[in-house]
Amino acid sequence: KAGVTQTPRYLIKTRGQQVTLSCSPISGHRSVSWYQQTPGQGLQFLFEYFSETQRNKGNFPGRFSGRQFSNSRSEMNVSTLELGDSALYLCASSLGATGAKNIQYFGAGTRLSVL
Amino acid sequence: DQQVKQNSPSLSVQEGRISILNCDYTNSMFDYFLWYKKYPAEGPTFLISISSIKDKNEDGRFTVFLNKSAKHLSLHIVPSQPGDSAVYFCAAGVNQAGTALIFGKGTTLSVSS
């Protein structure tokens, strides 16, 4: 079974630009969550999509948005990039149930650098 | 305010000995806890989880202990192997919050042979 695929792996943008990151979940998984990892803050939850609907959202500004398609693939968009948006963006897929048995499988991430 | 804390940024252990990684939390509403391991240039990999109604869960060399009264959990790795060298993250979730997880900042484990 193929794992979670994130594209691109690396991205360099300048302040003010916008960026779109893509995540293809494991086949059969209906939930996709996005996390931002920075050295200072660690891994922080951005949002989760389940069956094309945003089910949960973390404490990030509205510049961060996402969507999920009918095949469960998800995209994350960041508009008006700031230097502080430089981070590793991780996508995780799961079957979507909650609780200790809901294992999330992570992709390798997209490393975004904002200059 | 950090709801999940891993107070030790790093831990060094000899091969064959026990590794104990610790995690404290402040939110008594957490329903379950997980441990993930991360190698450089890879995404986190699930290791083991525990429901808040249990105090221990075991899977091979990995055991997680939960002390709800102390709001503390720990991951024991016995015996430690050089391939266990990685960053370990503790994470917690609430059933009503879907699959959203709150992560600690991680502990880097180094196992020397």
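The structure under discussion appears in the preceding block.
Let us look at the structure shown here. (Residues numbered from 1 in each chain as written. Chains lettered and ligands numbered in written order. Predicted model: local features only at pLDDT ≥ 70, side-chain atom pairs only at ≥ 80, totals over all residues. Heavy atoms only, no water.)

1. Re the packing of aromatic side chains
Then step 1. Taken as a whole, this structure holds 13 aromatic pairs over all chains when the rule is applied.
Then step 2. Centroid distance Tyr25 of chain B to Phe33 of chain B: 4.7 Å. Interplanar angle 45°. Geometry classified as tilted.
Then step 3. Feature note: the residues Tyr35, Phe45 and Phe106 of chain A together with Tyr36, Phe46, Phe89 and Phe103 of chain B constitute an aromatic cluster, connected by ring pairs.
Then step 4. One Lys or Arg, Arg55 of chain A, reaches over the ring of Phe50 of chain A and ends 4.4 Å from the middle of that ring. (Phe/Tyr/Trp six-rings, centres within 6.5 Å; stacked < 30°, edge-to-face > 60°. Lys NZ or Arg CZ within 6 Å of the ring centre and 35° of its normal.)

2. Here we look at the pattern of salt bridges
Residues and elements named next belong to chain A.
Then step 1. All told, the structure shown has 7 salt bridges over all chains when counted by the stated rule.
Then step 2. The salt bridge partner of Arg63 is Glu82, with a shortest N-O separation of 3.6 Å. Here the residue Arg63 occupies a position in the loop between strand S6 (53–57) and strand S7 (64–68), and Glu82 occupies one in the loop between strand S8 (74–78) and strand S9 (87–94), the gap between them amounting to 19 residues.
Then step 3. Note on Arg63: relative accessible area 16%, which makes it buried.
Then step 4. Of the residues examined, Glu82 reaches a relative accessible area of 42% and is grouped as partly exposed.
Then step 5. One network of salt bridges, in which partners are shared, links Arg63, Glu82 and Asp85. (Salt bridge = Lys/Arg side-chain N within 4 Å of Asp/Glu carboxyl O. Helix = DSSP H or I, 4+ residues; strand = E, 2+ residues; numbered from the N terminus. Buried < 20%, exposed > 50% of the residue type's maximum accessible area, 1.4 Å probe, protein only.)

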